[in-house]
Amino acid sequence: MSPSVGVVIPTRGRRPDQLRSATRAALGQDHSGAVEVVIVVDGGDLVSVVDQVAGLLAGRVPAARGKTTGARGIRVVANRLSPGLPGARNTGIAALGTDLVAFCDDDDHWLPGKLSAQVAALEAEPGAEFSSCAIEVEYGSRRVPRLAGTDLVTRAHLLRSRMVMVHSSTFLFRRGMFWVDESAPNGQNEDWDLALRAAARHPIVHVDRPLVHVRWGGSLYATRWADRIAGLEWMLARHPDLAVDPRGAARVYGQLAFHHAALGRRREAGRWAWRAFAARHGEPRAPLALAVAAGLVSAQAVLSTLHHRGHGI
């Protein structure tokens with residue numbers, strides 16, 4: 001029998017149209033096993049979110065065309081753990097009794113065939129516990145595919161590069177094996193930390209086709225500079241081997257330089273930019289950080305240009 005899948009969708013109830021789209025796409029997958037969606041309300045009004053998805057709760061979700069699927073259901077629950085994304089995700093995991101757990105952000109959208117492809121890949125790899133897939137990034141009117149170029153993502157891959165396609169909305173893993181670390185500062189980098197821990201146990205099985213549509217530009221995470229600094233410092237303390245690979249270390253140092261520059265902290269930006277250059281002379285984030293620190297360009301303008309190309313800082 002096909003494994004059952006529980007889908008955790010955290011929300012604050014501020015994007016009802018996108019929440020309904022994410023939920024409908026999860027329930028409409030062609031996976032032959034049972035699929036249950038748990039919408040976890042984090043800091044929002046539970047009744048309001050129930051009203052937003054009332055039509056879906058009533059069962060008006062079309063099954064995948066021409067496919068035999070298992071039972072489908074939705075629950076809406078309040079975050080009962082620490083406030084923020086990690087606690088909301090763990091609340092969802094705890095509420096499930098399915099074989100597998102998947103994550104989807106409330107502003108993202110699974111494409112047809114996502115679940116069946118990842119479940120098949122996970123079942124085909126002996127010892128595999130965790131799966132991801134490529135994504136399609138939307139920013140404005142542009143859509144850019146982001147591929148990994150591999151079907152197995154190792155911890156070394158994730159130390160050298162953040163591997164943006166190993167995105168939380170692509171995560172599928174065996175229930176009971178993993179929990180999100182709620183000590184992540186304001187939820188920063190909790191998904192990268194989870195992927196690193198998973199890859200340390202067994203390489204992540206990756207389906208290198210864009211099967212998740214990821215919307216960029218609507219999240220406040222990208223410009224919460226102090227939180228991003230705290231999140232990177234947390235990662236360096238939690239995963240000391242991030243500083244071992246010169247390319248990976250330079251990337252993190254360059255990000256720290258950029259975030260400090262965005263806050264107007266010129267001295268700190270210069271210090272981290274120097275560390276980035278020392279680790280890898282060709283690190284592109286270091287000169288960008290110095291340009292922002294010098295007032296030659298705004299941090300937001302740099303981010304907008306990168307996002308337009310399907311990239312981040």
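My aim in this report is to walk through the structure given alongside it, one point at a time.

Quick notes on the rules
- Residues numbered from 1 in each chain as written.
- Predicted model: local features only at pLDDT ≥ 70, side-chain atom pairs only at ≥ 80, totals over all residues.
- Heavy atoms only, no water.
- Helix = DSSP H or I, 4+ residues; strand = E, 2+ residues; numbered from the N terminus.
- Contact = heavy atoms within 4.5 Å.
- Salt bridge = Lys/Arg side-chain N within 4 Å of Asp/Glu carboxyl O.
- Buried < 20%, exposed > 50% of the residue type's maximum accessible area, 1.4 Å probe, protein only.
- Core = buried A, V, L, I, M, F, W, Y, C linked by side-chain atoms within 4.5 Å.
- Axes fitted to C-alpha atoms, helices over the stretch in contact; angles between N-to-C directions.
- Parallel < 35°, antiparallel > 145°, perpendicular 65-115°, else oblique.
- Left-handed = near helix turned anticlockwise from the far one by under 90°.
- Nonpolar A, V, L, I, M, F, W, Y, C, P; charged D, E, K, R; others polar.
- Phe/Tyr/Trp six-rings, centres within 6.5 Å; stacked < 30°, edge-to-face > 60°.
- Lys NZ or Arg CZ within 6 Å of the ring centre and 35° of its normal.

Right, let's talk about the side chain of Asp191 for a bit. By the element assignment, Asp191 lies in helix H7 (residues 190-201). Residues in contact with Asp191, not counting those within four places in the same chain, are Arg162, Ser168 and Phe171.

Our next topic: the pattern of salt bridges. In the structure shown here, the tally under the stated rule is 21 salt bridges. The salt bridge partner of Arg155 is Asp241, with a shortest N-O separation of 3.0 Å. Residue Arg155 is located in helix H6 (residues 155-160), and its partner Asp241 is located in the loop between helix H8 (225-238) and helix H9 (246-262); the two are separated by 86 residues in the primary sequence. Here Asp227 ties to Arg224 by a salt bridge, and the two come within 2.8 Å at their closest N and O atoms. We classify Asp227 as buried; its relative accessible area is 18%. Judged by relative accessible area, which is 26%, Arg224 ranks as partly exposed.

Those residues of helix H11 (residues 285-293) that sit buried are Arg285, Ala286, Ala289, Ala291, Val292 and Ala293. Looking at the buried positions of H11, the neighbouring elements they touch are H9, helix H10 (266-279) and helix H12 (299-308). Looking one or two residues past H11, Gly295 carries a phi angle of roughly 80°, positive in sign.

Our focus in this paragraph is unusual backbone geometry. Phi is positive for Met163, which is not a glycine, with a value near 55°. Position of Met163 among the secondary structure elements: in the loop between H6 and strand S9 (172-174). Phi angles above zero are rare outside glycine, and Asn186 is one such case at about 50°. Mapped onto the fold, Asn186 is located in the loop between S9 and H7. Overall, Asn186 belongs to the partly exposed group, its relative accessible area being 49%.

Core analysis: the largest hydrophobic core is formed by 92 residues, its most contacted members being Val7, Ile39, Phe103, Trp110, Leu158 and Val166. A per-element tally of this core places H9 first, with seven residues. With residues up to four places along the chain from it excluded, the contact list for Leu158 reads Val153, Met163, Val166, Trp192, Ala195, Leu196, Ala199, Ile204 and Arg251.

Let us now look at the packing of H10 against H11. Direction vectors running N to C along H10 and H11 enclose 165°, while the axes themselves pass 9 Å from each other. Comparing their axes, H11 and H10 come out roughly antiparallel. When you trace H10 past H11, the crossing you get is left-handed. Note on element contacts: H11 touches H10 through Ala286, Pro287, Leu290 and Ala293, opposite Arg266, Ala269, Gly270, Ala273, Ala276 and Phe277. The residue inventory of the contact of H10 with H11, partitioned by class, reads eight nonpolar, one polar and one charged.

Applying the stated rule across the entire model yields eight aromatic pairs. Aromatic pair Phe130 and Phe173: ring centres 5.5 Å apart, planes at 10°, arrangement stacked. Taken together, the positions of Phe130 in strand S6 (residues 130-139) and Phe173 in strand S9 put the pair 43 residues apart, joining distant regions of the chain. Both residues of the pair, Phe130 and Phe173, count as buried. Between the aromatic rings of Phe173 and Phe178, the centroid separation amounts to 5.9 Å while the plane-to-plane angle is 85°, which identifies the pairing as edge-to-face. The same class applies to Phe173 as to Phe178, namely buried. Among the aromatic residues, those joined into a ring-pair cluster are Phe103, Phe130, Phe171, Phe173 and Phe178. Directly above the ring of Trp110 sits Lys114, whose terminal nitrogen or CZ lies 3.9 Å from the centroid. Above the ring of Tyr253, the side-chain terminus of Arg275 is found at 4.4 Å from the ring centroid.

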